[in-house]
Amino acid sequence: MTSTTLRVSPQSSTRGSWLRHPPLSTAFGVTTLSFRRHLDQPRSFVVLSMDGKPTILVAEKLGEAGLKLLEEFANVDCSYNLSQEDLCTKISLCDALIVRSGTKVSREVFESSRRLKVVGRAGVGIDNVDLGAATEHGCLVVNAPTANTVAAAEHGIALLTAMARNIAQADASVKAGKWLRSKYVGVSLVGKTLAVMGFGKVGSEVARRAKGLGMHVIAHDPYAPADRARAIGVELVSFDEAMSSADFISLHMPLVAATSKMLNDETFAKMKKGVRIINVARGGVIDEEALVKAIDAGIVAQAALDVFTEEPPAKDSKLVQSENVIVTPHLGASTMEAQEGVAIEIAEAVVGALKGELAATAVNAPMVPAEVLTELKPFVALAEKLGRLAVQLVAGGSGVKMVKVTYASARAPDDLDTRLLRAMITKGLIEPISNVFVNLVNADFTIKQRGIRITEERVMLDGSPESPLELIQVQIANVQSKFASAISDSGEIKVEGRVKDGIPHLTKVGSFEVDVSLEGSIILCSQVDQPGMIGKVGSILGEENVNVSFMSVGRIAPRKQAVMAIGVDEEPSKKSLKRIGEVPAIEEFVYLNL
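Notes on the structure in this doc start here. Worth saying up front: this structure is predicted, and the values here are computed from it rather than measured. What you see as residue numbers is a count from 1 along each chain, following the sequence as written. Thresholds applied to this predicted model are a pLDDT of at least 70 for local features of residues and 80 or more for the giving and counting of side-chain atom pairs; totals over whole chains, interfaces and linings are not thresholded and use all residues. Note: side-chain values were computed over all heavy atoms of the structure, leaving out hydrogens and water.

Examining the pairing of strand 11 (residues 275-279)
Burial classes: relative accessible area under 20% of the type maximum marks a residue as buried, over 50% as exposed, and values in between as partly exposed (1.4 Å probe, protein chains only). Secondary structure counts use DSSP, requiring at least four H or I residues in a row for a helix and at least two E residues in a row for a strand, with both numbered from the N terminus. Along strand 11, 5 of the 5 residues are buried, which leaves the element largely enclosed by surrounding structure. The alternating pattern of strand 11 places Val 275, Ile 277 and Asn 279 and Arg 276 and Ile 278 on opposite faces, both of which are buried. The parallel pair strand 11 and strand 12 (residues 300-305) is bridged by helix 12 (residues 288-296), and the resulting crossover is right-handed. By the criterion used throughout, a crossover qualifies as right-handed when its path from the first strand across the helix to the second strand runs clockwise, the strands pointing away from the viewer.

Okay, here's the thing in structure tokens:
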């Protein structure tokens with residue numbers, strides 16, 4: 001019998017809200033619905049789902065192409081102009097949220113929902129999303145960093161040229177019936193120095209176009225590679241040099257603590273008199289009061305602004321009303337092509353995240369290229385399962401504090417990105433012993449919060465680097481084990497695994513070599529090696545109809561100490577496990593649920 005449930009919003013009359021799926025009477029006709037209460041919801045209402053689909057809340061306008069992609073996978077609730085209170089109420093029923101720059105996704109929003117898995121920012125900047133809160137709650141944040149790059153760069157160049165030639169002021173003057181040719185004499189761009197502050201995707205595209213206008217382009221970005229700048233004829237310089245030598249300054253940095261009010265009284269004092277400033281990045285990177293003073297003092301001749309600290313700015317803003325400032329209402333990404341591109345890019349990222357795929361555009365998780373994700377996929381599964389095995393071998397009362405992970409590979413260290421693997425080992429270590437859901441987003445935060453230290457070691461192997469890894473080894477130090485044979489000669493719980501034909505395998509427990517597929521669950525038995533042991537244990541499991549998928553024995557020497565690893569598809573009963581433990585040659589055993 002299939003259980004079908006339907007999600008119903010507790011506030012269906014929210015202003016500006018409409019649901020992009022048929023109303024109940026149309027969608028279900030006379031079908032009888034089965035309601036069930038979700039006890040894990042923080043608020044006291046019944047949560048319903050339609051056809052088992054997730055619900056995506058789109059809080060700001062999104063291009064039709066993106067909405068169609070979302071609707072193919074989920075129920076889509078388009079609710080615009082929500083207050084923070086309304087957003088917190090609605091989000092309790094949603095699995096994903098998509099916003100642009102106008103919606104603040106605060107800590108309160110994350111605390112209002114246990115179901116929120118992903119927040120999609122339709123655009124580049126994510127300063128309106130509390131990344132710390134998202135990470136703590138295990139919520140992935142993705143953005144759309146490429147689709148509006150060209151549009152933003154083109155708008156920057158448009159503001160640059162419009163400002164240099166007084167286009168906006170001259171247009172307003174002519175429309176007012178005036179003809180003031182001498183008043184609006186501009187400046188040429190050829191030979192002038194443009195300082196691009198922030199040499200990322202948009203900044204580098206602005207630099208390319210400015211070079212085409214005959215400008216001398218310099219750039220400042222502490223993270224930009226010099227060879228990429230040189231490739232398009234741009235010189236990377238220090239912040240002070242950029243400020244003091246530029247005729248035009250174009251801002252393209254994100255708004256973070258280090259860049260907040262980066263252009264301030266002190267910075268303006270370093271600038272060449274008559275400098276002109278363009279900002280299509282974030283309003284908060286400029287101290288707007290300091291800019292007004294710099295304009296009044298003649299330090300800044302003109303400014304062209306698409307973004308402001310507060311949007312929209314106050315109607316009586318001295319900055320906006322200044323004749324030496326031209327303004328636009330945050331139009332950087334506002335081209336038809338960019339809007340559709342951003343909508344598609346963010347829809348694909350959000351749907352992929354809800355499917356459990358790793359997002360290449362995640363901003364609060366390791367940025368792992370798509371080709372690396374594909375290559376590491378089987379090792380990701382191996383890493384998580386080794387973490388689960390290792391922590392279940394720890395005896396009760398032993399606090400896990402020190403974990404060592406060893407990666408053996410024929411590849412150079414720079415060619416092996418282990419952040420994803422470390423996150424999955426963390427997931428395996430934490431989830432079996434807590435009620436915390438761990439993912440790529442909150443893995444490092446979660447492990448640190450619990451006072452566990454993970455160290456990583458890489459062992460270089462000879463041979464072909466065709467495969468990224470030969471093996472992964474997980475060791476837990478300074479603990480007791482419920483399965484003594486899992487303790488290595490050096491005193492740590494040790495498990496080791498490899499990928500064979502795309503399937504993760506356990507290949508070592510303590511000092512014993514085994515070979516068992518990590519599918520289903522595992523029974524480990526420490527025994528004296530003697531004939532008939534496999535048959536005895538297999539018979540006990542067979543009598544209870546427990547299917548054995550793999551069985552492997554690792555031993556020190558014939559008739560000496562051995563470890564038998566048995567892969568099972570079903571969980572044996574306590575009675576069967578007790579019977580296994582009563583087999584005379586078996587000294588200890590443990591059942592491990594993967």
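Past the structure itself, the notes keep going.
Quick look at the pattern of salt bridges
For salt bridges, the criterion is a side-chain nitrogen of Lys or Arg within 4 Å of an Asp or Glu carboxyl oxygen. Following the criterion strictly, the structure yields 23 salt bridges and no others. Residue Glu 431 is joined to Lys 427 by a salt bridge in which the shortest nitrogen-to-oxygen separation is 2.8 Å. Note on accessibility: Glu 431 and Lys 427 belong to one class, buried. Salt bridges linked by common partners bring Glu 384, Arg 388, Lys 427 and Glu 431 together as one network.

Describing the environment of Val 509
Tracing the backbone shows Val 509 in strand 18 (residues 503-509). Under the relative-accessibility criterion, Val 509 is labelled buried at 0%. Taking the C-alpha atoms as reference points, Val 509 and Gly 497, separated by 12 residues in sequence, lie 9.2 Å from one another. The contact rule is simple, with two residues in contact once any of their heavy atoms fall within 4.5 Å. The contacts of Val 509, once residues within four sequence positions are left out, are Phe 483, Ser 485, Ala 486, Lys 494, Val 514 and Leu 524.

Observations regarding the sheet that holds strand 7 (residues 193-197)
Ordered in space as 9-8-7-10-11-12-13, the 7 strands form an open sheet in which the pairing is parallel. Of all strands in the sheet, those with a lone pairing partner are strand 9 (235-236) and strand 13 (325-327), marking the two edges. Bridging between strand 7 and strand 10 (residues 248-251) involves 4 bridges; their strand directions are parallel. By the bridge assignment, Ala 195 is partnered in strand 10 with Ile 249. Along the sheet, helix 12 makes contact with strand 11, strand 12 and strand 13, crossing strand 12 at roughly 140 degrees. We call two strands paired when DSSP finds no fewer than two bridges between them. Every angle, taken between N-to-C directions, lies between 0 and 180 degrees, and every axis is a line fitted to C-alpha atoms, over only the stretch in contact when it is a helix.

Things to note about helix 2 (residues 64-71)
Here helix 2 has its buried residues at Gly 66, Leu 67 and Leu 70. Summarising the axial view, the buried residues of helix 2 lie within an arc of 100 degrees, below the 170-degree limit, and thus occupy one face. Contacts from the buried residues of helix 2 go to strand 2 (55-58), strand 3 (75-79), strand 4 (96-99) and helix 14 (336-354). Arc definition: directions from the helix axis to the C-beta atoms.

As for the environment of Ile 56
Along the chain, Ile 56 falls in strand 2. In this structure, the C-alpha to C-alpha distance between Ile 56 and Glu 71, residues 15 residues apart in sequence, is 9.0 Å.

Points about the nonpolar core
Grouped together as the largest cluster of nonpolar side chains are 81 residues, with contacts concentrated most on Val 58, Leu 70, Leu 506 and Leu 524. Here the element with the most residues in this core is helix 15 (residues 370-392); it accounts for 10 residues. Every residue in contact with Val 58, bar those within four places of it in the chain, is listed here: Leu 67, Leu 70, Val 76, Asp 77, Cys 78, Ser 79, Tyr 80 and Ile 98. Here, nonpolar core means buried Ala, Val, Leu, Ile, Met, Phe, Trp, Tyr and Cys residues that are tied together by side-chain atoms lying within 4.5 Å of each other. Ala 246, Leu 251, Leu 263 and Val 275 belong to the second largest nonpolar core, which has 29 residues in total.

Some details on the sheet that holds strand 17 (residues 493-500)
With respect to topology, 6 strands assemble into an open sheet ordered 15-14-16-17-18-19, the strand pairing being mixed. The open sheet is flanked by strand 15 (453-460) and strand 19 (512-517), the only strands paired with a single partner. Between one strand and the next, the sheet's axes are offset by a mean angle of 20 degrees, whatever the strand orientation. Note that strand 14 (residues 402-409) and strand 15 share 8 bridges and pair parallel.

Comments concerning helix 18 (residues 533-543)
Buried within helix 18 we find Met 533, Val 537, Ile 540 and Leu 541. What you see down the axis of helix 18 is that its buried residues fit within an arc of 95 degrees, all on one side. Its buried side turned inward, helix 18 meets strand 20 (521-528), strand 21 (548-555), strand 22 (561-568), helix 19 (574-581) and strand 23 (586-592). Of the residues trailing helix 18, Asn 545 is marked for its positive phi of about 60 degrees.

Thoughts on empty space enclosed by the protein
Throughout, the protein atoms alone are placed on a 1 Å grid, and a set of points is a cavity if a 1.4 Å probe fits but cannot get out or a pocket if it is open with protein on both sides within 12 Å along at least five of seven lines; lining residues have an atom within 4 Å of a point. Grid points are joined across faces, edges and corners, and a volume is the space filled by probe spheres set on the points. Scanning all chains against the criterion turns up 1 cavity of 30 Å³ or more. By volume, the largest cavity amounts to about 40 Å³. Lining the largest cavity, in full, are Tyr 407, Ser 409, Arg 411, Ala 412, Pro 413, Leu 416, Arg 458, Val 459 and Met 460. Broken down by secondary-structure element, the contributors of at least two residues to the lining of the largest cavity are strand 14 and strand 15. Sort the elements by how many residues they give to the lining of the largest cavity and strand 15 lands first, with 3 residues. Across the lining of the largest cavity, the residue classes break down as 6 nonpolar, 1 polar and 2 charged. Any residue that is not Ala, Val, Leu, Ile, Met, Phe, Trp, Tyr, Cys, Pro, Asp, Glu, Lys or Arg is counted as polar, Gly included; the first ten are nonpolar and the last four charged.

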